[in-house]
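Architecture at a glance
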Protein chains: 2
Amino acid sequence: MNVEIVNTGSELMLGRVLNTHQQWLCRRLADLGHVVTRQVAVADTGNEIQNAVREALARAELVITTGGLGPTSDDITRELIAQLLGRKLVHSAQVQAHIEAFFAKRGRPRPNMTDVETFVPEGSLVFLNQTGTAPGLAIQVAPAGNQAGELSKEENRKQAESAQDRNLRTSSAKQWLIMLPGPPRELRPMFDDAVVPLLRREFAKEIFVCRTLRSTGIGESRVQEMIEADVAPFVKQGLQVGYCARPGAVDVRLVADGAPAPQLVQAATAAVELALSPNIYGYDDDEIEAVVVRLLTEQKKSLALAESCTGGNIGHRITNVPGASTVFFGGVTSYANSAKEHLLGVRRETLLKHGAVSEPVAREMAAGAREKFQSDFALAVTGIAGPDGGTPEKPVGTVFIALATADGVTVESRLNPWDRITFKDVTATQALELLRRRLL
Amino acid sequence: MNVEIVNTGSELMLGRVLNTHQQWLCRRLADLGHVVTRQVAVADTGNEIQNAVREALARAELVITTGGLGPTSDDITRELIAQLLGRKLVHSAQVQAHIEAFFAKRGRPRPNMTDVETFVPEGSLVFLNQTGTAPGLAIQVAPAGNQAGELSKEENRKQAESAQDRNLRTSSAKQWLIMLPGPPRELRPMFDDAVVPLLRREFAKEIFVCRTLRSTGIGESRVQEMIEADVAPFVKQGLQVGYCARPGAVDVRLVADGAPAPQLVQAATAAVELALSPNIYGYDDDEIEAVVVRLLTEQKKSLALAESCTGGNIGHRITNVPGASTVFFGGVTSYANSAKEHLLGVRRETLLKHGAVSEPVAREMAAGAREKFQSDFALAVTGIAGPDGGTPEKPVGTVFIALATADGVTVESRLNPWDRITFKDVTATQALELLRRRLL
């Protein structure tokens, strides 16, 4: 089965916005057994959108478009696709009621310009938008050949002819075109709630297994060296191995398809675990902060933070995890030295003698946070994020990471000579990893 | 002039990697006056890559591919494109010397598997890779019609015929195919150092102006209503207006090309500023946190934070800005009530009487942070990020945002009924906006 994605949006072609839909949709579809064969992005102009969708429909059983369903003047996908498929736009009372309710809940009148969102191509399935106004739409472009009971032979013939006129695919297999709104917070729940059930019903699942093992603390080439010999026998049997280096982490991807896939991936997973453990912190979409929150919750332990160079990033990542409030008491972001002194109890003489970026200051920050918040554990980081502030002895990227427990404080030093934002992310990951190891 | 990008890589189609090349290349090319008309991503398989490149060459004067130039078994782009264009792969002594030097510098022998990288399609321009081994390649697929002195008429005719055989574009305009390596840290310097000069030499710069105005505090449809009449006269003259809703913000994009473009965009910018001010916080790539840091720096004022529901996100965003340390003293992330009490001085009776998510607690948090950190300003947020913790009176999404200054404390309440991560981001933006308005 061929699956194609068409992302519409002039902001994409102008490079003003990062296209996150491709990865997200490709990932979700692969998990359902449908690997996307092609992704195309075009501007919000009539010719480009119609050409891209027409070509995709000539190749694929499933075409998903994103964007261009909103109420503003550059939202033209719905109309162009209705035109391409030769379908009229008809008013949907259901959509109108839903949009009225959306604005009523927010105590605002429905803007007239949302009128356009209440018109949908004739015969569409409508997906109401739980987090916005524009509905998603699904159109069965081709019926399921002989299996389709809904259309008479004559209607089938007519539809095929009319499809041919418009240069569309005319094979007898089922074909769906699905249109999703552009904002990720609207598209994602709609895909999970409405599109997944539709795909499960309409298309047979293909056997495809993909397992990602997430490691930290080892570089990409070293990871490959450490597992290469162990996965070689499985590669001979059809396993594909991929590597992906992220800031502070390396993912190992094990992929196979067909009947032997589940067993093959399982055996290879065990081999990689054996070779890389304890550096594997999670699987697939696991974030290290979620793993840490889970371990703390299981062990009924609490955490506090003292962040300097990460500026709040560790707390931000921890509080992205639902339920973090049961284990995370809080933190002090002590950018200024006086904050280290007055809010965390770091001694002035330690600051003067060793400097703010030093092993003893990291140690006192962690101990101070643990005491102030009365938590079981406290993590502290102090370092030089750059681009300025480095010295020959302490270059940009220098960082000290401390973990305070009931048994005392451990401090590790690292050099993370990356750009400012990568530095903050890698340092936060290293701090979380220090705690994760303690919780194993 | 048509420009297309073809991204190759199975990891893209499996959704395991985010394609950042599209945005980066589209942005760079737009800045050179060449707006990308289509971007396509396909897996590392023969058919898909050849089909995508063949189709792109049938439409575009400039085609740029990314990925598939490395030494491993899935790097097949170079060979497939040579085949598609009917060119032999020939050994390049220059590339081999460069790769030898690359490994010599690192004190390692050149792996045999890099042999494949030393073969390039006949007649290619070679871009040596400053941060890796795989060279970039540029091939002039079609000569510049009558202007081209290098080829005889007979050769031109032969090349056109052979192009037709392979289904390529046969117009007389110049046509280039450029292949770049996949890793961003290799692609980006190569594009700037080698591709930009080539494009400047080979293609006339087109006049193209794009200005983005970034607003916050108004929804997307309301933004359009507020500016529609004012920009209408410019739209008649060829201006294109685009809207992009991000969490807590709406971008208005003004685009034009041709000789009148600079003046047209400038006049439209002034009209939009008049209609939306003071909701416009910045232009193009400005982030609101960078604007706030700039204003604080200019006014020599300092900031502290008391974050509850945002968990450190405001501090994280502020400290992403280089130079933040001169104005940002720090913050307390007070997830637990005891932290609000002990670290920020919120009174127990206020917590008991009004609850942690309340106007009086936000007020005391802000005042407490300002006092503890001895800063000019303090921002405080307390709210319910969800998914749990809502009540009928205070549903998920409820948040109180306070700003403490020398003149006292202002508190605003908002309802941000989004998912947890969007909630945190929107709330952080609202807090930063509250401070930005104070600094105008």
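Position numbers for residues count from 1 along each chain, tracking the sequence in the order it is written. Both sets of labels track the order of writing: A upward for chains, 1 upward for ligands. Note on the predicted model: pLDDT of at least 70 is required for a residue's local features to be given, and 80 or more for side-chain atom pairs to be given and counted; whole-chain, interface and lining totals, by contrast, use all residues.

**What to know about the overall build of chain A**
Think of it this way: any DSSP run of H or I at least four residues long counts as a helix, any run of E at least two long counts as a strand, and we number them from the N terminus. Of the regular secondary structure elements, chain A holds 15 helices and 17 strands. Taken along the three principal axes of its C-alpha coordinates, chain A extends 90 × 60 × 40 Å. Exposure classes come from backbone-placed C-beta atoms, where a residue is buried if 20 or more other C-beta atoms lie within 10 Å of its own, exposed if 12 or fewer do, and partly exposed in between. Across the 440 residues in chain A, those meeting the buried criterion constitute 48%. A pair of residues counts as a contact when their C-beta atoms, built from backbone coordinates, are separated by no more than 7 Å. Long-range contacts, defined here as pairs at least 24 residues apart, represent 68% of the contacts in chain A between residues at least 6 apart.

**Looking at the sheet that holds strand S7 (residues 136-142) of chain A**
Taken in spatial order, the twelve strands of this open sheet run S6(A)-S7(A)-S8(A)-S3(A)-S1(A)-S2(A)-S2(B)-S1(B)-S3(B)-S8(B)-S7(B)-S6(B), and their pairing is mixed. Strand pairing shows two members of the sheet lacking a second neighbour, strand S6 (125-127) of chain A together with strand S6 (125-127) of chain B, which therefore form its edges. Strand-to-strand, the axes of this sheet are offset by a mean angle of 15 degrees, without reference to chain direction. A strand pair is defined by DSSP finding two or more bridges across the two strands. Inspection of the sheet shows strand S1 (residues 3-8) of chain B paired to strand S3 (residues 62-66) of chain B by five bridges, in the parallel sense. Residue pairing in the sheet places Val3(B) in a bridge with Leu62(B) of S3(B). Axes here mean lines fitted to C-alpha atoms, for a helix over just the part in contact, with angles spanning 0 to 180 degrees between N-to-C directions. Helix H3 (residues 46-59) of chain B rests against strand S2 (38-42) of chain A together with S1, strand S2 (38-42), S3, strand S7 (136-142) and strand S8 (175-180) of chain B of the sheet, and its axis sits at about 175 degrees to S1(B). In this fold helix H4 (residues 77-85) of chain B packs onto S1, S3, S7 and S8 of chain B, with an angle of close to 160 degrees to the strand it touches most, S8(B).

**Details of the environment of Glu307(A)**
Residue and element names in this part refer to chain A. Along the polypeptide, glutamate 307 turns up in strand S13 (residues 303-307). As for glutamate 307 and alanine 362, which are separated by 55 residues in sequence, their C-alpha atoms are 9.5 Å apart. Beyond its immediate stretch of four places on either side in the chain, glutamate 307 contacts Gly312, Ile314, Gly315, Gly331, Thr333 and Val381.

**Considerations on the interface of chain A and chain B**
On the chain B side, the residues contacting the 71 residues of chain A number 69 residues. The element best represented in the side of chain A that touches chain B is strand S14 (residues 328-334) of chain A, accounting for seven residues. For the side of chain A that touches chain B, the class distribution of residues is 33 nonpolar, 28 polar and ten charged. Sheet analysis places S14(A) next to strand S14 (residues 328-334) of chain B, joined by five bridges and oriented antiparallel. Each residue receives one of three labels: charged for Asp, Glu, Lys and Arg, nonpolar for Ala, Val, Leu, Ile, Met, Phe, Trp, Tyr, Cys and Pro, and polar for the others, Gly being one of them.

**A closer look at the relation of the copies chain A and chain B**
Between the two chain copies there is a screw-like relation: a rotation about an axis and a shift along it. Residues reaching a pLDDT of at least 70 in both copies supply the C-alpha atoms on which the copies are superposed by least squares. Taken as rigid bodies, chain A and chain B are interconverted by a rotation of 180 degrees and an axial shift of 2.3 Å, the fit giving an RMSD of 2.7 Å. Both copies present the same face, since 82% of the interface residues in chain A are matched by interface residues at the equivalent positions in chain B.

**Digging into the packing of H3(B) against H4(B)**
Residues and elements named next belong to chain B. The geometry of H3 relative to H4 is characterised by a closest axis approach of 10 Å and an angle of 55 degrees between their N-to-C directions. Taken together, the axis directions place H3 and H4 in an arrangement best described as oblique. The handedness of the crossing between H3 and H4 comes out as right-handed. Between H3 and H4, the contacting residues are Gly46, Ile49, Gln50, Val53 and Arg54 on the first element and Thr77, Leu80, Ile81 and Leu84 on the second. For the contact of H3 with H4, the residue count by class is five nonpolar, three polar and one charged. In this scheme, roughly parallel covers angles under 35 degrees and roughly antiparallel covers those over 145, while 65 to 115 is roughly perpendicular and the rest are oblique. By convention, the crossing between two helices is left-handed when the near helix turns anticlockwise from the far helix through less than a right angle, and right-handed when the turn is clockwise.

**A short note on the domain arrangement of chain A**
It is common to give the size of an interface as the accessible area that goes away when the parts come together. Segmenting chain A into domains produces domain 1 (3-202), domain 2 (208-283) and domain 3 (292-439). Domain delimitation follows an automatic or database domain assignment. Of note, the centres of domain 1 of chain A and domain 3 of chain A, computed from C-alpha atoms alone, are 47 Å apart.

**Side note on the nonpolar core**
Note on terminology: a nonpolar core is any set of buried Ala, Val, Leu, Ile, Met, Phe, Trp, Tyr and Cys residues joined through C-beta atoms within 7 Å. Counting 148 residues, the largest nonpolar core has Val53(A), Val63(A), Leu177(A), Val53(B), Val63(B), Leu239(B) and Val252(B) as the members making the most contacts within it. In terms of nonpolar packing, the next biggest core, distinct from the first, is built from 113 residues, Val291(A), Val357(A), Val332(B) and Ala385(B) among them.

**A short note on helix H7 (residues 184-202) of chain A**
Residue and element names in this part refer to chain A. What is called the bend at a residue is the angle between a pair of axes, fitted to the seven residues leading up to and ending at it and to the seven starting from it. The sharpest bend along H7 comes to roughly 45 degrees, located at phenylalanine 191. Among all positions in H7, only Glu186, Leu187, Met190, Phe191, Ala194, Val195 and Leu199 are buried. Contact partners of the buried residues in H7: helix H2 (21-31), strand S3 (62-66), S6, S7 and strand S8 (175-180).

**Thoughts on the packing of helix H8 (residues 220-236) of chain B against helix H9 (residues 261-276) of chain B**
Residue and element names in this part refer to chain B. Look at H8 against H9: their axes get within 9 Å of each other, and the N-to-C directions meet at 150 degrees. When the axis of H8 is compared with that of H9, the two are roughly antiparallel. Of the two elements, H8 crosses H9, and the hand of that crossing is right-handed. Contacts from Val223, Met226, Ile227, Asp230, Val231 and Phe234 in H8 reach Leu264, Ala267, Ala268, Ala271, Val272, Ala275 and Leu276 in H9. Per-class residue counts for the contact of H8 with H9 are twelve nonpolar, no polar and one charged.

**With respect to H8(B)**
All names here are of chain B. At glutamate 228, H8 shows its maximal kink, close to 55 degrees. For H8, the complete set of buried residues consists of Glu220, Ser221, Val223, Gln224, Ile227, Val231 and Phe234. Buried positions along H8 lie against strand S9 (208-216), strand S10 (240-246), strand S11 (249-257) and H9. Immediately beyond the C-terminal end of H8, within one or two residues, lies glycine 238, with a positive phi of roughly 110 degrees.

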